[in-house]
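Residue-level listing of the chains:
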Amino acid sequence: MKKSVKAAFCGMAAALSVALMFAGSLFYIFAYAIPMLLGIIVFMINKTFGRGVAFYVYLAVSVLSMLFVPDKEAVLMYALFFGYYPIIKPYIEKIKVKLLPTVLKFLLFNASIFVIEILCVKVFGIPFFNDGVFSKSMLVFFTVAMNLCFVMYEFFLEKFKIIYERKIEPRIIKALK
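Because the structure is a prediction, the values reported are computed rather than measured.

So, on to the overall build of the protein. Counting its regular elements, the protein contains seven helices and zero strands. Ordering the α and β elements of the protein from the N terminus gives α-α-α-α-α-α-α. Taken over C-alpha atoms, the radius of gyration comes to 17 Å for the protein, in line with the 16 Å a tight globule of 177 residues would show. Here the C-alpha coordinates of the protein stretch approximately 55 × 40 × 20 Å along the principal axes. Within the protein, the fraction of its 177 residues that count as buried is 38%. Nonlocal contacts in the protein, meaning residues at least 24 apart in sequence, comprise 72% of its contacts between residues at least 6 apart. For the protein, the accessible surface area stands at approximately 10400 Å², while carbon and sulfur atoms represent 74% of it. Taking the average place of the 20 positive charges on the side chains of the protein and the average place of its 9 negative ones, the gap between the two points comes to 13 Å.

A word on the pattern of salt bridges. Considering all chains together, one arrives at seven salt bridges under this definition. With its nearest N and O atoms 3.8 Å apart, the salt bridge here joins Glu-169 to Lys-47. Of the two residues, Glu-169 is situated in helix α7 (residues 136-176) and Lys-47 in helix α2 (residues 30-49); the sequence distance between them amounts to 122 residues. Classification of Lys-47 as partly exposed rests on a relative accessible area of 33%. Note that Lys-105 and Glu-154 form a salt bridge whose closest N and O atoms lie 3.0 Å from each other. Of this pair, Lys-105 sits in helix α6 (residues 100-122) while Glu-154 sits in helix α7, placing them 49 residues apart in sequence. Classification of Glu-154 as buried rests on a relative accessible area of 12%. Through salt bridges with shared partners, a single network forms among Lys-89, Glu-93, Lys-105, Glu-154 and Glu-158.

For Lys-105, a relative accessible area of 9% gives the class buried. Polar side-chain contacts of Lys-105 include one of 3.0 Å to the side chain of Glu-154. If we skip the residues at most four places from it in the chain, Lys-105 touches Tyr-85, Lys-89, Ile-92, Glu-93, Phe-150 and Glu-154.

Right, let's talk about the packing of aromatic side chains for a bit. With the rule as written, the count across this model stands at 20 aromatic pairs. Their ring planes at 65° and their centres at 5.9 Å tell us that Phe-43 and Tyr-164 sit as a pair that is edge-to-face. Taken together, the residues span a long stretch of sequence, with Phe-43 in helix α2 and Tyr-164 in helix α7 at a distance of 121 residues. Taken individually, Phe-43 and Tyr-164 each receive the classification buried, so the pair is uniform in this respect. A ring pair is formed by Phe-55 and Tyr-58, whose centres lie 5.9 Å apart and whose planes are at 50°; its orientation type is tilted. On the criterion of helical spacing, the pair formed by Phe-55 and Tyr-58 is a turn pair, its members being three residues apart in helix α3 (residues 51-68). An aromatic cluster of three or more residues is present, and its members are Phe-55, Tyr-56, Tyr-58, Tyr-78, Phe-81, Phe-82, Tyr-84, Tyr-85, Phe-106, Phe-109, Phe-150 and Tyr-153.

Attention now moves to the packing of α2 against α3. Where α2 meets α3, the closest approach of the two axes is 7 Å, and the angle between their N-to-C directions is 150°. Comparing the axis directions of α2 and α3 gives the class roughly antiparallel. α2 and α3 meet at a crossing whose hand is right-handed. Packed against α2, whose contacting residues are Val-42, Ile-45, Asn-46 and Phe-49, the element α3 presents Arg-51, Val-53, Ala-54 and Val-57 at the interface. Broken down by class, the residue content of the contact of α2 with α3 amounts to six nonpolar, one polar and one charged.

Calculation criteria
- Residues numbered from 1 in each chain as written.
- Predicted model: local features only at pLDDT ≥ 70, side-chain atom pairs only at ≥ 80, totals over all residues.
- Heavy atoms only, no water.
- Helix = DSSP H or I, 4+ residues; strand = E, 2+ residues; numbered from the N terminus.
- Rg over C-alpha atoms; globule rule 2.2 N^0.38 Å.
- Buried < 20%, exposed > 50% of the residue type's maximum accessible area, 1.4 Å probe, protein only.
- Contact = heavy atoms within 4.5 Å.
- Areas by Shrake-Rupley, 256 points an atom, 1.4 Å probe, with all protein chains shown as cover.
- Lys, Arg positive; Asp, Glu negative; His and termini not counted.
- Charge placed at Lys NZ, Arg CZ, Asp CG, Glu CD.
- Salt bridge = Lys/Arg side-chain N within 4 Å of Asp/Glu carboxyl O.
- Polar contact = N/O pair within 3.5 Å; in protein donor to acceptor, adjacent residues only side chain to side chain.
- Phe/Tyr/Trp six-rings, centres within 6.5 Å; stacked < 30°, edge-to-face > 60°.
- Axes fitted to C-alpha atoms, helices over the stretch in contact; angles between N-to-C directions.
- Parallel < 35°, antiparallel > 145°, perpendicular 65-115°, else oblique.
- Left-handed = near helix turned anticlockwise from the far one by under 90°.
- Nonpolar A, V, L, I, M, F, W, Y, C, P; charged D, E, K, R; others polar.

Written out as structure tokens, the structure is:
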């Protein structure tokens, strides 16, 4: 495949990602849904064009989103987890020690969410809860809910990988030749 075709396709994917991130700032729930969706785009680029190209798309989307997207929580969700996770996921899964890949994934996810929320509160002044009142029960609920979202994301990513490899990727490669 020509480098120019690869660059054009990935540039369009990056532009689409930034546009979706910007559009996603209209509703609060999209702060979590859009970065997950954009992670799937990074997964597709990683699978079809390679890790290096996927990393550059992730980097471009992260920087442009930080500059232009008003919803900084969504940008941080993408930049600090969902954007790079599909790139490093295959390497984590190559670890042969039983349960270690799963533990590492959850540690990475929870550490990322912790850093994201700290940055939102301390740097961007976004309150952790809308009313500004912090309670331990809400923190536990948030942690459990986010981990359930991560489990569903992992499940979806695995199922999408099968569909992508069998149906979508061959069509993309054929169309770009």
